[in-house]
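Structural overview for review
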Amino acid sequence: MSTITSEIQALGDDFRGELVHPGEPSYDELRSVWNGSIDRRPALIARCTGVADIRSALTYARRTGLPVAVRGGGHSFPGHSTCDGGVVLDLSPLKGIRVDPVRRTARAQAGVLLGELDRETQAFGLATPSGIVTHTGVAGLTLGGGIGWLMRKYGLTIDNLLSVDLVTAEGELLTASEDVNADLFWGIRGGGGNFGIVTEFEFQLHPVGPIVYAGPIMWPMEESPRILRFYRDWITGVPDELTTAVIHRWIPALPAIPPELHGRPVVVVLACYAGSIEDGERVVAPLKAFAPPLLDLCAPKPFVDVQAMFDLSYPHGRWYYMRACDVAELTDEVVDIAVERGLAISGPLTSYPIYHLGGAISRVQADATAFGDRSNGHTFNFVAATPGPEGFEEQRQWARDSWRAMEPHQSGVYVNFLTDEGTDRIRSAYGATAYDRLKDLKRKYDPNNLFHLNQNIPPQ
Ligand code: FAD
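All figures in this text were calculated on a predicted structure; none of them were measured in a lab.

**Topic: the nonpolar core**
Generally speaking, soluble globular proteins have nonpolar side chains that are buried together. If you look at the biggest cluster of nonpolar residues, it comprises 81 residues, and the most contacted ones within it are Trp149, Leu184, Ile188, Phe201, Phe310 and Tyr430. Per element, the largest residue contribution to this core is 5 residues, and it comes from helix α15 (residues 432-445). Sequence-distant contacts of Trp149, that is, excluding residues within four places in its chain, are made with Ser130, Ile132, Thr243, Thr244, Ala245, Leu270, Cys272, Val306, Gln307, Met309 and Phe310. Of all hydrophobic cores here, the second largest spans 42 residues; its members include Tyr231, Val327, Leu330 and Ile345.

Right, here's the structure in full:
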């Protein structure tokens, strides 16, 4: 093996983007990721400007034996897109987006964030389903599945993925779609970054908005037992156009909220109706009528504002920890635990959303993609957060205790909501059959496990 010095020289001669080493002025900013509790020091940050740079950086990593981390939006909860002493392939400079309004498709490169994609597609009154915070990366979110405000109407993000371009561990550029490399296309729809580096995604778009009926409706947290019971019965009859989530939290000090309510513990139902404003008002009316809300901000608004609704609640740099699980139904026992865990929140930044799944997600055949169990009704995210290290341990313990309390009722987990929880949990996110199929694919496309900084599916 040649020396690292000669290899870095060879890479420098061959690389169009920026190569950033420890000690350089931009190093600390570029090594930071969304979760402030992750503090890793890569040996090199390779800011790739295209497929040629990605191939060069991979060649460098293979020859030097350094670990490889691949970074899209940098929002991995456990910090999988960075590493100590390895090479970070930072794809954030890859910002190309092309919308075809006639075919209703969009192509997005690997560094695009959700809000950047929405901005371009909404210019034509179109959208593809994605997530609920606009500064999340399209790449990592899509490769794990993608849940968000349009999911019950149009499915997961992967259900709207038409093709990808991907660089393999050996540096080969492949296209994968239903017609080309179909095995790989099955695996990347849920299998994360295990099989290669996706350089570009092609999505199906749908007419959405640009104005939709959406927003939060809040009640004092003491009312959570009856709100949750009404909610779980009410959602059984709502159309797929309506996607909702319930959050238990303390009201954040945001400009849209009257200051006298800041810090008050609440139970919040968030709604987004992907249809006409009139239908949205009619469908949500029974919830608003059931118990007079403390604050009702559910009203017609631009879809791009709905997508950004949580941006200020989950900013970069705070310390975060999350435990998550799916449950089949909101039974009385699950509701009781949910209420108790809400009342046990002891920090202003800690919160937990419960997303309502079903609809279009559950109508896709179970083995059509690598995504786990599509029959689950809800997914819980217990999100602990603090401004920095102070008090973090207490909040993290709340998340762990909450997850443990829900354990008897868990029926799976969404892979993008896992933290570092070990192989058995990754296996249970996919189910045994899909996991074995993913292992076969891993042996075919990445037999040496070059791409192991992810929810890893080891080849052996
Ligand atoms: P990164 O940290 O850059 O990457 C995550 C993983 O994907 C890493 O293992 C990385 O190596 C790999 N990866 C990244 N880019 C590529 C690529 N081009 N090719 C191959 N592998 C790659 N999920 C939802 O489904 N819905 C939500 O509403 C949602 N909301 C979220 C809100 C916040 C604030 C956060 C932090 C996360 C949220 N998530 C949500 C989870 C999110 O989907 C995952 O954290 C996802 O991995 C983030 O993608 P990223 O590109 O930003 O992350």
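Next comes the rest of the write-up.
**What about the packing of helix α1 (residues 4-14) against helix α3 (residues 51-64)?**
Direction vectors running N to C along α1 and α3 enclose 175°, while the axes themselves pass 10 Å from each other. For the element pair α1 / α3, the angle class is roughly antiparallel. Touching Ile4, Glu7, Ile8, Leu11 and Asp14 of α1 are Asp53, Ser56, Ala57, Tyr60, Arg63 and Thr64, all from α3. Looking at the contact of α1 with α3 residue by residue, the class counts come to 5 nonpolar, 2 polar and 4 charged.

**Side note on unusual backbone geometry**
Pro210 follows Gly209 through a cis peptide bond whose omega is 5°. Residue placement: Pro210 occurs in the loop between β11 (206-207) and β12 (211-220). Even without being glycine, Arg104 reaches a positive phi, approximately 55°. Position of Arg104 relative to the elements: it lies in the loop between β5 (97-100) and β6 (105-109). When its relative accessible area of 38% is taken as the criterion, Arg104 is described as partly exposed. One non-glycine residue, Asn181, lies in positive phi territory at about 45°.

**Considering the site of the ligand**
Lining the immediate environment of the ligand, one finds 34 residues, of which Val70, Gly72, Ser81, Ile147 and Tyr414 sit closest. Note that an oxygen atom of the ligand is positioned 2.8 Å from one of the backbone N or O atoms of Ile132. At a separation of 2.7 Å, a nitrogen atom of the ligand approaches a polar backbone atom of Ile147. Relative to its free-state accessible area of 950 Å², the ligand is covered by the protein chains to the extent of 96%. For the shell around the ligand, the secondary structure elements donating two or more residues are β3 (68-71), α5 (138-144) and β10 (197-204). Counted by class, the shell around the ligand contains 17 nonpolar, 16 polar and 1 charged residues.

Conventions adopted
- Residues numbered from 1 in each chain as written.
- Predicted model: local features only at pLDDT ≥ 70, side-chain atom pairs only at ≥ 80, totals over all residues.
- Heavy atoms only, no water.
- Core = buried A, V, L, I, M, F, W, Y, C linked by side-chain atoms within 4.5 Å.
- Buried < 20%, exposed > 50% of the residue type's maximum accessible area, 1.4 Å probe, protein only.
- Helix = DSSP H or I, 4+ residues; strand = E, 2+ residues; numbered from the N terminus.
- Contact = heavy atoms within 4.5 Å.
- Axes fitted to C-alpha atoms, helices over the stretch in contact; angles between N-to-C directions.
- Parallel < 35°, antiparallel > 145°, perpendicular 65-115°, else oblique.
- Nonpolar A, V, L, I, M, F, W, Y, C, P; charged D, E, K, R; others polar.
- Near = heavy atom within 4 Å.
- Polar contact = N/O pair within 3.5 Å; in protein donor to acceptor, adjacent residues only side chain to side chain.
- Areas by Shrake-Rupley, 256 points an atom, 1.4 Å probe, with all protein chains shown as cover.

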